[in-house]
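Close look at the chain arrangement
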Amino acid sequence: MLVGNIEAGLSGSDSGGLLADLVEGARRRNLSANSLAAYERTWRAFLAWAAAASLDPRSLPFPEALEIYGVLGKDKGPASLKQIRAALSFAYKHWDLKNAFAKIKPPLHKEPQIRYLPLAGIRRLLGYLKAEANGYGSALAFH
């Protein structure tokens, strides 16, 4: 845990130094500009939260990791949650430390269900369109 001075820690860096280090590491990995910007937003929020909680983000226990994941992911969809996990995982891999977020299960993408009309339903629809063929739009819909 950090007390008072956030510079105490594994590498002697403050949260700004940690952020700069992560951004530089991401640039060396040739992340796209969009990914880098999204990762940086996540890292910035994560490091600010850790500093406010007087925690060293590099030695975060699981309960706190779960808490910050909930804070960062509030009102986010599955794709954003996966991106947050990827940014945090990148940080721990970059620091060569055990990932406190590895135990958190990724959200599941629910694939949209495609529903098809049964053959009888298609026949009823075509019959309706043929009977109600009033004007160009109805004839076009029938075809």
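1. Observations regarding the packing of aromatic side chains
What the rule picks out here adds up to 6 aromatic pairs. Centroid distance Tyr 92 to Trp 95: 5.4 Å. Interplanar angle 80°. Geometry classified as edge-to-face. Taking relative accessible area as the criterion, Tyr 92 reaches 1% and is therefore assigned buried. Residue classification places Trp 95 among the buried positions, given a relative accessible area of 12%. An aromatic cluster of at least three residues, connected via ring pairs, comprises Phe 46, Tyr 92, Trp 95 and Phe 101.

2. Considering the environment of Leu 19
Structurally, Leu 19 can be placed in helix α1 (residues 15–28). Note on Leu 19: relative accessible area 11%, which makes it buried. Taking C-alpha positions, Leu 19 is 6.7 Å from Trp 43, a pair spaced 24 residues apart along the chain. Look past the residues within four positions of Leu 19 in its chain and what remains in contact with it is Glu 40, Trp 43, Arg 44 and Leu 47.

3. Observations concerning a nonpolar patch on the surface
On the surface, Leu 117, Leu 119, Ile 122, Leu 125 and Leu 126 cluster together into a nonpolar patch covering about 430 Å² of accessible area. Its location among the elements puts Ile 122 in helix α5 (residues 119–131). Relative accessible area serves as the criterion here: at 36%, Ile 122 is assigned to the partly exposed category.

4. A look at the environment of Ala 65
Tracing the backbone shows Ala 65 in helix α3 (residues 62–72). Judged by its relative accessible area of 0%, Ala 65 falls in the buried class. Taking the C-alpha atoms as reference points, Ala 65 and Phe 46, 19 residues apart in sequence, are found 9.7 Å from one another. Ala 65 has contacts with Leu 60, Ala 100, Phe 101 and Ile 104, leaving out every residue within four places of it along the chain.

5. Observations concerning the pattern of salt bridges
By the definition in use, this model includes 3 salt bridges. Put simply, Arg 28 and Glu 24 hold a salt bridge, and the shortest N to O gap is 4.0 Å. With a gap of 4 residues between them, Arg 28 and Glu 24 both fall in helix α1, about one helical turn apart. On the basis of relative accessible area, Arg 28 is assigned to the exposed category, the value being 54%. Relative accessible area serves as the criterion here: at 37%, Glu 24 is assigned to the partly exposed category. The closest approach of N and O atoms between Arg 58 and Asp 56, which form a salt bridge, is 2.9 Å. Under the relative-accessibility criterion, Asp 56 is labelled buried at 7%.

6. As for unusual backbone geometry
A positive phi angle, close to 55°, is found at Ser 54, a residue other than glycine. Within the secondary structure layout, Ser 54 lies in the loop between α2 (33–52) and α3. Positive phi is not limited to glycine here, since Asp 75 has a value of about 60°. Tracing the sequence through the fold places Asp 75 in the loop between α3 and α4 (78–94). With a relative accessible area of 76%, Asp 75 lands in the exposed category.

The rules behind the values
- Residues numbered from 1 in each chain as written.
- Predicted model: local features only at pLDDT ≥ 70, side-chain atom pairs only at ≥ 80, totals over all residues.
- Heavy atoms only, no water.
- Phe/Tyr/Trp six-rings, centres within 6.5 Å; stacked < 30°, edge-to-face > 60°.
- Buried < 20%, exposed > 50% of the residue type's maximum accessible area, 1.4 Å probe, protein only.
- Helix = DSSP H or I, 4+ residues; strand = E, 2+ residues; numbered from the N terminus.
- Contact = heavy atoms within 4.5 Å.
- Patch = residues over 30% accessible without salt bridge, like charges linked within 9 Å, V, L, I, M, F, W, Y side chains within 5 Å.
- Areas by Shrake-Rupley, 256 points an atom, 1.4 Å probe, with all protein chains shown as cover.
- Salt bridge = Lys/Arg side-chain N within 4 Å of Asp/Glu carboxyl O.

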